[in-house]
Structure formats: structure tokens, C-alpha cells
Amino acid sequence: MSEKKSPIDVGIKEKKTERVVKGTEKTINKKEEIYTGIGASRGIAIGMCYAFVKEQGEHDFRKLEEKDVTEEVERFLAALRRSEKELKKIEKVTTRKLGKGYSDLFQAQIMVLHDPVLVKAISNRILSEHKPAHVVIEEEFDQYVEKLKNSDELLFRERADDLQDIKDRIIRNLHIKKLHSWLPEGVIVVSYHLSPADVILLSRSNIKGFITDTGGKTSHISLICKSLNIPIVVGFGNLSQKVSTGMQMILDASTGKVIINPEEKTLAYYTEKQRDEKQIEDKASLTAELPATTKCGVRITFYANIDFKEELDTIKASGAEGVGLFRSENLFTDGTNTPRESLQYAYYREMADTINPMPIDIRLFDIGGDKLLYSPIKEPNPNLGWRGIRILIDIPDILEAQIRAIVRANIHGNIDILIPMIVSIDEIRQVRSVVDKAFAELEKEDPMIEKPEVGAMIEVPAAVELIDEITRYVDFISIGTNDLTQYTLAVDRNNIIVQDLFDTFHPAIVRQLYRIISTAQKNRCRAMICGDMGSNPVALPFLLGCGLKRFSVVVSDIPNLKTQVSRYTLAETEELARKCIAFETASEIKSCLEAFQAAH
């Protein structure tokens, strides 16, 4: 039995070289050190480390004199104004780089600065307790930050980081310290924690990559780095304490590896790998807009996974033929208030107009679990609790308003509905009933609208067991491999302690995928994959061999995947798939797939 690896795999190789330390003639030994974290935005970066350390807040607890308290309140209010000015600047940069969707993150932070309850509480405490402003700010924010950090909800834990960023910004502006937003060109930034604002501003210095001790694949900074095409590896724990500015390092975000003080042979290997990947990307981008076909001439379709309507402008150039997954829960801008039907209608209609005649699959609000939470109810295990379609059925007003908005917007007939977290046929029937009712009512008002088709997300083992029935009840299915792996293997995909157990090539997952796709094919139900596995080039021939012809993936991955498809015939991928489902271990499956890919 192989020895279980630690969540942070550390390999150390001795290497003796000479280095002149600035200001001395001292010769020191360097070691090649390898650390493994979580790759959250693909790419390879080779360069010098920049250890980015944020200034700590001042901790002077002296009591203020009576005559000074009013002036202290004014200092606090001035710090709020300076912080707002900074955030508006960052919001503009973000809008220019990434569009309105991501800039809303900073609009939400600006709203916190204007929160009358918070501002009044801090001002009153300064006046009544004679405490310095930075002390009161620290205390007031920390009570909220601590609650969010201890939450079972990933979203709330990420919001703790946002609040921490606002607190630090106010305190820095209280002492009129300059915002640290420029670094030397082309470094790899290593930090314990980075905020979305840090990433946006620092990216202007042509940063090669980011490494953080905190964060996960779905954190704001990871999503922003994906959109900026900057590699990032997260979740190291304490790597920032082991590095210093000036160290040479390699970041391989496809494997999650970071190599400090690489040996010459390691450096040569990754330089060549980086060059090869760049050539592949360049070739793929030239043919991105051409149809994807296998070597034997079978048409394969690639769609895009998106979070915001602003991303629609980029999908055609990447070769996407529509949107296979629009995560509509991002319309919950503050996580609690349900977006009005009128707002949803305008949003969906604009998307449908922009993308027409290409299709768009709108996933109904997938709230709860590790995503946005509609209710402040605390659950012992939210991933196995009130989430997805369960919330929508229990609160029909939310479900009905969203479906009405989608039906009204379907003027071109290019919108379909995707139901999250399906575990029973009854859930599908209830959604179909709401769609039928909304269409019957709205068609009288606008005879041009068309009834959306209805699809089901396959992401829990119960749905796999019912796959024959489900594929007879719906028009299409979409396989969410992230959740399917989590629920099948009983592994929280956001828990770094068990990250090494989260394996989409586990025999149980591979066999489920074969069963899902082949059953859908038999029942003439369209099948698509929208989870991370669909973006994995190693998994691609297996999925093709199962019979899958539709993929919805991260936009930036489409050109490369299209190039890969052209190398295979379906006959050889089908033989490969049969081999894979017969293996007993994930390592055997991966070895087989890697050998197949290398041979092509």
C-alpha cells in the first residue's frame, strides 16, 4: 500500500551554488524545493519571487483626551472617503480589464463604507470610549470577520477576506499611507493573502504569476486570474514564510507545483514545457473559430461556462458555439436579496440578443451549499443540506419569478433551462409544471416567445442511479463532475486536508461517466459536460470514447481542446474508454490516458 501524501507535498533536493548576497561577499547553499498547492488558473511562470507583505494595522491603545475625540471621528470619516476614492479607481480599472461583472465586487465594498449602522457604531464608540479610531475599526470589523471565517459556507469565508481588505484599507488611509500598487515588472508574487483589489492593481505590472497561502479554486482572486490569463496556485498554508524577494522560482499551475531555487535541468525542462504550451496555444488560436471535428470527421461542439453577461463578447473569438452553463446565481449581488423578475428579464434578454443565434443554457439559481446562501440558516453540513433545486421548490416565488423571466426573454428561442442538484423525477416534474404554466400565460401577451427546453444537472449519485428515467424526462443533461466527484467520494472539494482524495479519474467516477453518457445516447437525450474534467486534455479522449459530443468549458481552454479533438478517431477513443472502465485504480486509468495522449 502506497504511503499517503501530506496535503503539502515537499521535496527537497540539495544543490550547492554560489550567490553573492547584496552588501556582502558571503557564499550560501541553495536547495531546490518543491511544494504542491492547488492550481487555480493554468499556466507556467518562471521568474523572480516578490514577497508581498501587507502592512499591519497600528496597535496603539492609548486613550484619547476629550478634546481630541471629535477630531478622531473626522479622521475616521476622511479615511472612509479616501478608501472610497481608491475603490472607485480599482472599479474603473476592473471594468476596463474584465467588464462590469467583476467590478461589482468593488461596488459592494463601497457600499460597506456607506453602511450607516457601521459608520455610526464606530463614530459613537470613538466619542464615548475615547479609543483611537484604528482600535475601534479593528474591533468592529473583527467581530464580523471572525463569524464569517468560522462559517461552514465557503462564500462566507471568502467574504471574511473581503471585509478584512476593507478594514485594512480604512486603517491604512487613516494613517495616510500610500496604496502599494506597483511592483517590479515580471515578478511572481507570493503572499499569505491577496484581495481582488491587489490582483487587479498588481496585474498592471505584468505580473507573471501569483502564489498565496490562502484561497481556493473558486475564490474571487482565482476567477479574476483566469480571466486575466495569469497563472495562480493557492492553498499552501505557510509558503509565504519560506520565501524571500529575489529567489528564482517556477510556478506550474496545471499541476499546482511551485519550485524554489530550481536546478538547471529543472529550469530547462520547464522552459521547454512553457515554450511548447505557448506554441500549442498559438496554433490553436489560429483555428479556434473553425468547427471541431475528430480525425474521422465527426463534429464535436464546444460551449462556454460563464458567470457574467460581459463575457459574451469574448466567447466567439475563442471558438465557443454558445453558452453551455450560465451561473445565474451571480445575480444575487449581496447574497440575500432575490433579484427582481424585471431585472432578471432584462439581463437574460440582453444575453439572448447578444448571442443570437447561438444557444445559452441558464442554470436556475444554484444557491446554498458552498455557493451563495439565500438564508442565514446555519446547517451542520451545508453541502448535504438545503441547496439548489431544494431551495427553489421550497420557496416557489423565487423559482416562478426566474422561470417567468427566462420564458419572457426567450424571444429568439435560444434559451434553455438547466436544473441544479436533481435527485428525483418529482423535482423535474415540478419545474416542468412551472415552465408550462408560465409559457401558457406569457404566450398570450407575446406570441413570439418560445418555450425553453429543460435539462438536468447530473452531479449526485442518486441522479446516476436514475439516469435512464431522467434522460427520458428531460431534453438534455449536463454533467457537473466537480460535485459528482465530491458526493461520490465523500470528499469536500474545498478542503485542503483531503484534496489528494478528490480525483475525477477514480474508477467510480469514470464508470459513472461511461454509464451516464451511454444511457443518454441510448435514450436520444443530448448530453454535455460542464465540470472541470471537461477542460482536462487528458480526459478528453476518454469522454469522446464514452460518446460525448458536447463540452461546456472555460473559454480559454476551447482552442487547445479543439486542436486535441482533431488528433483522434472515435473508434480508438471508444476502445480507450472500454479499457479505462475495466481498471481498478485511478493510477492505472491516468497512466493509460497519458500514454494515449503521448502517442497522439
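What you see is a predicted model; the values in this text were computed from it and never measured. (Residues numbered from 1 in each chain as written. Predicted model: local features only at pLDDT ≥ 70, side-chain atom pairs only at ≥ 80, totals over all residues. Heavy atoms only, no water.)

A. Spotlight on the packing of helix H1 (residues 69–98) against helix H3 (residues 116–129). At a minimum axis separation of 8 Å, H1 and H3 run at an interaxial angle of 155°. Judged by the angle between their axes, H1 and H3 are roughly antiparallel. At the point where H1 passes H3, the crossing takes the right-handed sense. Contact residues: Val 69, Thr 70, Glu 72, Val 73, Phe 76, Leu 77 and Leu 80 in H1; Val 119, Ile 122, Ser 123, Ile 126 and Leu 127 in H3. A breakdown of the residues in the contact of H1 with H3 according to their chemical character gives nine nonpolar, two polar and one charged. (Axes fitted to C-alpha atoms, helices over the stretch in contact; angles between N-to-C directions. Helix = DSSP H or I, 4+ residues; strand = E, 2+ residues; numbered from the N terminus. Parallel < 35°, antiparallel > 145°, perpendicular 65-115°, else oblique. Left-handed = near helix turned anticlockwise from the far one by under 90°. Contact = heavy atoms within 4.5 Å. Nonpolar A, V, L, I, M, F, W, Y, C, P; charged D, E, K, R; others polar.)

B. How the structure looks around the nonpolar core. Counting residues in hydrophobic clusters, the biggest one holds 148 residues, and the most contacted among them are Phe 76, Phe 210, Tyr 348, Ile 403, Ile 470, Ile 477 and Phe 551. It is H1 that provides the largest number of residues to this core, a total of nine residues. Beyond its immediate sequence surroundings of up to four residues, Phe 210 is in contact with Val 189, Leu 194, Val 199, Leu 202, Cys 225, Ile 230, Pro 231, Ile 232, Val 233 and Leu 251. Core analysis: the next-biggest nonpolar cluster, separate from the first, contains 16 residues, Ala 45, Phe 236, Leu 251 and Val 258 among them. (Core = buried A, V, L, I, M, F, W, Y, C linked by side-chain atoms within 4.5 Å. Buried < 20%, exposed > 50% of the residue type's maximum accessible area, 1.4 Å probe, protein only.)

C. The pattern of salt bridges, seen in detail. Counted by the stated rule, this structure contains 33 salt bridges. The partner of Glu 341 in a salt bridge is Arg 408, and the shortest N-O contact between them spans 3.2 Å. Of this pair, Glu 341 sits in helix H10 (residues 341–355) while Arg 408 sits in helix H12 (residues 396–409), and the two are 67 residues apart along the sequence. Judged by relative accessible area, Glu 341 falls into the partly exposed class, the value being 22%. For the salt bridge of Glu 465 with Arg 515, the shortest nitrogen-to-oxygen distance reads 3.2 Å. Taken together, the residues Glu 465 in helix H14 (residues 461–465) and Arg 515 in helix H17 (residues 507–522) connect sequence positions 50 residues apart. It is possible to trace a salt-bridge network through shared partners that takes in Arg 125, Glu 129, Lys 131, Glu 139 and Glu 140. (Salt bridge = Lys/Arg side-chain N within 4 Å of Asp/Glu carboxyl O.)

D. Representation of the packing of aromatic side chains. Under the definition given, this model contains four aromatic pairs. Ring centres of Tyr 269 and Tyr 270 lie 5.0 Å apart, and the angle between their planes is 85°; this geometry places the pair in the edge-to-face category. Judged by relative accessible area, which is 48%, Tyr 269 ranks as partly exposed. With a centroid separation of 5.2 Å and an interplanar angle of 25°, the aromatic rings of Phe 302 and Phe 551 are classed as stacked. Residue Phe 302 is found in strand E11 (residues 299–306), and its partner Phe 551 is found in strand E18 (residues 550–553); the two are separated by 249 residues along the sequence. Phe 551 carries the same exposure label as Phe 302, and that label is buried. The residue whose ring lies beneath Arg 408 is Tyr 345, and the NZ or CZ to ring-centre distance is 4.1 Å. (Phe/Tyr/Trp six-rings, centres within 6.5 Å; stacked < 30°, edge-to-face > 60°. Lys NZ or Arg CZ within 6 Å of the ring centre and 35° of its normal.)

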